[in-house]
Amino acid sequence: NPHKDELEAAQHRLDELKLLVKRLGAKENKGASLIALDDSGDRLKAAIAFGDVDNAAHVATLVPGMGTNVHDSVERYMDTAKRLRKNAAYQASIDKSDVATIAWLGYDAPPDFFKTGDTSVAWVDLAKAGGQRLTEHVTGIDAWRQERGMSVHQTAVTHSYGSTTGGFAMRDIGRGVVDDFIYSGSPGSAVQSVERLGVEPGHVYVSAVPSLDAVQGIGPDGSFGRNPDQLEGIEHLSGDTRSEEHTSELQSPAM
């Protein structure tokens, strides 16, 4: 049947949409809003926010890595965004209304190599394409605030392959859009120095577990950029987790 693949693809897209609607309507996700939806490309892409992205003083975007897709990952990252918002407000001693967080499943992340054998995670093509989309996302938030004479403090929290994606975005974004940028479990920064990123000095951070994380810094410097753990001038977060209870988890990372 020449239309079998098309039918299967359409059914999968419908399943993704149904799941997304279900998660958005779940009682535990009260207040969640869909701020972006794109059905172009191989997979559905979406961004889900907690809090008022248009008016909150602080907006953080979570950029995940390998194996991320709406069907398999939206519940996990919506939960992460909720917890980040709650903890950020608590740590800063501000009201939750001042914080908005976004689970940004807005690019075609490479499939999980360990599950599929797909080797696209070894190349930066998807990171570059995703970086362009992330640039549009954060500049859109900034432009809408500027239009209304309002400021916003934006943070990008990026993980694994998503951190390389974020690095490519920050290379092209220009200063004054993203205020704080965080690499975590990164295979490569997409740059050779922090000065190449569109973030003010002292506001680029790294969380790394170099002794246990097989992904950290694994990408070739020529294409993935330097290991952010080794970048001069980067701020190091207290993210080194070396206890035995985490060892098994960290040795099978999601890139």
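To keep things clear, this report deals only with the structure shown in the data block. (Residues numbered from 1 in each chain as written. Predicted model: local features only at pLDDT ≥ 70, side-chain atom pairs only at ≥ 80, totals over all residues. Heavy atoms only, no water.)

A closer look at the packing of helix H1 (residues 4-25) against helix H2 (residues 70-92)
Piece 1. Packing of H1 against H2 brings their axes to within 9 Å, and their N-to-C directions diverge by 15 degrees. By the angle between their axes, H1 is roughly parallel relative to H2. Our pair here, H1 against H2, has a crossing hand that is right-handed. Between H1, through His12, Glu16, Leu19, Leu20, Arg23 and Leu24, and H2, the contact on the second element is made entirely by Val70, His71, Val74, Glu75 and Met78.
Piece 2. Along the lines of polarity and charge, the residues of the contact of H1 with H2 split into six nonpolar, two polar and three charged. (Axes fitted to C-alpha atoms, helices over the stretch in contact; angles between N-to-C directions. Helix = DSSP H or I, 4+ residues; strand = E, 2+ residues; numbered from the N terminus. Parallel < 35°, antiparallel > 145°, perpendicular 65-115°, else oblique. Left-handed = near helix turned anticlockwise from the far one by under 90°. Contact = heavy atoms within 4.5 Å. Nonpolar A, V, L, I, M, F, W, Y, C, P; charged D, E, K, R; others polar.)

Some details on the pairing of strand E7 (residues 204-207)
Strand residues, when the strand is regular, have side chains that alternate between the two faces of the sheet.
Piece 1. Alternating residues of E7 divide into Val204 and Val206 and Tyr205 and Ser207, and every residue in both groups is buried.
Piece 2. Sheet topology places strand E6 (residues 180-184) next to E7; four bridges connect them, and they run parallel. From the neighbouring strand, Ser184 faces E7, where its bridge partner is Ser207.
Piece 3. As defined by bridge partners, E7 adjoins strand E8 (residues 235-236) across two bridges and the pair is classed as parallel. Paired with Tyr205 across the bridge in E8 is Glu235. (Buried < 20%, exposed > 50% of the residue type's maximum accessible area, 1.4 Å probe, protein only. Pairing = 2+ DSSP bridges.)

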